[in-house]
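# Breakdown of the fold
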Amino acid sequence: IDHTGRPMVLSLSPGETIITAAEHVKRHANMWRISDDFWDNWPAIVEQFERLRKWAPYCGPGHFPDADMLPFGVLDQGRRTTHFTPDEQRTVMTLWSIARSPLIMGGDLTKLDEFTRSLLTNDEVLAVDQRSQGGHELFSRDGQIAWIAEVPGSGDKYVALFNTRDRMAGDRPGVPVKVHFTELGFAGRCRIRDLWAKKDLGESANEFAPMIAGHAAGLYRISPVQE
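Residues numbered from 1 in each chain as written. Predicted model: local features only at pLDDT ≥ 70, side-chain atom pairs only at ≥ 80, totals over all residues. Heavy atoms only, no water.

It is at 10 Å that the axes of helix 3 (residues 86-98) and helix 4 (residues 114-121) come closest, and there the two elements cross at 20°. The orientation of helix 3 relative to helix 4 falls into the category roughly parallel. As for how helix 3 packs across helix 4, the hand of that crossing is right-handed. Each of P86, Q89, R90 and M93 in helix 3 lies in contact with helix 4, whose residues at this interface are F115, T116, L119 and L120. For the contact of helix 3 with helix 4, the residue count by class is five nonpolar, two polar and one charged. (Axes fitted to C-alpha atoms, helices over the stretch in contact; angles between N-to-C directions. Helix = DSSP H or I, 4+ residues; strand = E, 2+ residues; numbered from the N terminus. Parallel < 35°, antiparallel > 145°, perpendicular 65-115°, else oblique. Left-handed = near helix turned anticlockwise from the far one by under 90°. Contact = heavy atoms within 4.5 Å. Nonpolar A, V, L, I, M, F, W, Y, C, P; charged D, E, K, R; others polar.)

Below, the structure is given as structure tokens:
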């Protein structure tokens, strides 16, 4: 709070903050960079998965590890558009949201296309970034990664599923990325909602295994069904 009573945010951007400084930055800053500049190439996304996994225990109200800006849309002062595919952009938004990284648009807001606008304005996805609790990696299995977080006050879980494998010829539908409900602390049947599609997918028993294409991601809300 400044001398007029207005809220202030302290953001540290020294490049990559070292993990041994975690407790210090958690106490003294609201957000801090966990990497050097993040740009629109796939290897950079893969590196952020590991960084965000390590920093997850230090994320909480008022203190957030910052995975850097979103290089979407028109970049480099209008000289080009993002090199990320649509699936890769959705992967970035999904990972940043489940890890509660600050969402700072790095492209030209005056030249938004409809797809980029849809990435930045999906209220169900933004709720994960703004209000989820305890986000952390659930598993990483041969390029398939899952993160989970609590939906406050509900007993539900947010689940983000990623396929970081390269897309192969003939692999258009992708591969099933399976999560067992017991891994979420649930038993029996659960209701599933696709947050990107804003669509209820119905109920499933014991597990959920959506098809996720290479370099793509899904984001879901899982609700246990009361028997």
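For the rest of this paragraph, the subject is the nonpolar core. Core analysis: the largest hydrophobic core is formed by 40 residues, its most contacted members being F72, I98 and W147. Those elements giving two or more residues to this core turn out to be helix 1 (22-28), helix 2 (42-55), helix 3, helix 4, helix 5 (123-131), strand 7 (144-150), strand 8 (157-163) and strand 15 (216-224). Considering every element that reaches this core, the biggest residue donor is helix 2, with six residues. With 18 residues, the next largest nonpolar core counts F139, F208, A213 and Y220 among its residues. (Core = buried A, V, L, I, M, F, W, Y, C linked by side-chain atoms within 4.5 Å. Buried < 20%, exposed > 50% of the residue type's maximum accessible area, 1.4 Å probe, protein only.)

Tallying each qualifying case throughout the model produces 18 salt bridges. Among the salt bridges present, the one from R193 reaches E124, with a minimum N-O distance of 2.8 Å. Here E124 lies in helix 5 and R193 lies in strand 11 (residues 189-194), a separation of 69 residues in the sequence. Across the salt bridge formed by K157 and E150, the nearest N and O atoms sit 3.8 Å from each other. Judged by its relative accessible area of 10%, K157 is buried. The structure contains a network of salt bridges with shared partners spanning E16, E47 and R51. (Salt bridge = Lys/Arg side-chain N within 4 Å of Asp/Glu carboxyl O.)

An α-helix turns once per 3.6 residues; consequently, residues spaced three or four apart project the same way. All buried positions along helix 5 are accounted for by E124, V125, A127, V128 and D129. Against helix 3, strand 8, strand 11 and strand 15 lie the buried residues of helix 5. Structurally, the start of helix 5 carries an N-cap: the backbone nitrogen of E124 is 3.0 Å from a side-chain oxygen of N122. (Polar contact = N/O pair within 3.5 Å; in protein donor to acceptor, adjacent residues only side chain to side chain.)

With that settled, the discussion passes to the environment of S101. Of note, S101 is situated in the loop between helix 3 and helix 4. For the pair S101 and D66, spaced 35 residues apart in sequence, the C-alpha separation works out to 5.0 Å. The residues touching S101, leaving out its near neighbours within four places in the chain, are P65, D66, A67, D68, W96 and D129.

Relative to each other, helix 3 and helix 5 sit at 35°, their axes nearing to 7 Å. Across from M93, W96, S97 and I98 in helix 3, the residues of helix 5 making contact are V125, L126, V128 and D129. For the contact of helix 3 with helix 5, the class distribution of residues is six nonpolar, one polar and one charged.

This paragraph deals with the sheet that holds strand 11. Remark on secondary structure: sheet strands pair via backbone hydrogen bonds, oriented parallel or antiparallel. Taking strand neighbours across the sheet as the criterion, the six strands line up as 6-7-8-15-11-12 in an open arrangement whose pairing is antiparallel. Of all the strands in the sheet, just strand 6 (133-141) and strand 12 (199-205) have a single pairing partner and so form its edges. Across the sheet, the mean angle from the axis of one strand to that of its neighbour is 25°, orientation sign disregarded. Judged from the six bridges that link them, strand 6 and strand 7 form a sheet pairing that is antiparallel. For R141, the partnering residue across the bridge sits in strand 7 and is Q144. Sheet contacts for helix 3: strand 6, strand 7, strand 8 and strand 15; angle to strand 15, the most-contacted strand, approximately 45°. (Pairing = 2+ DSSP bridges.)

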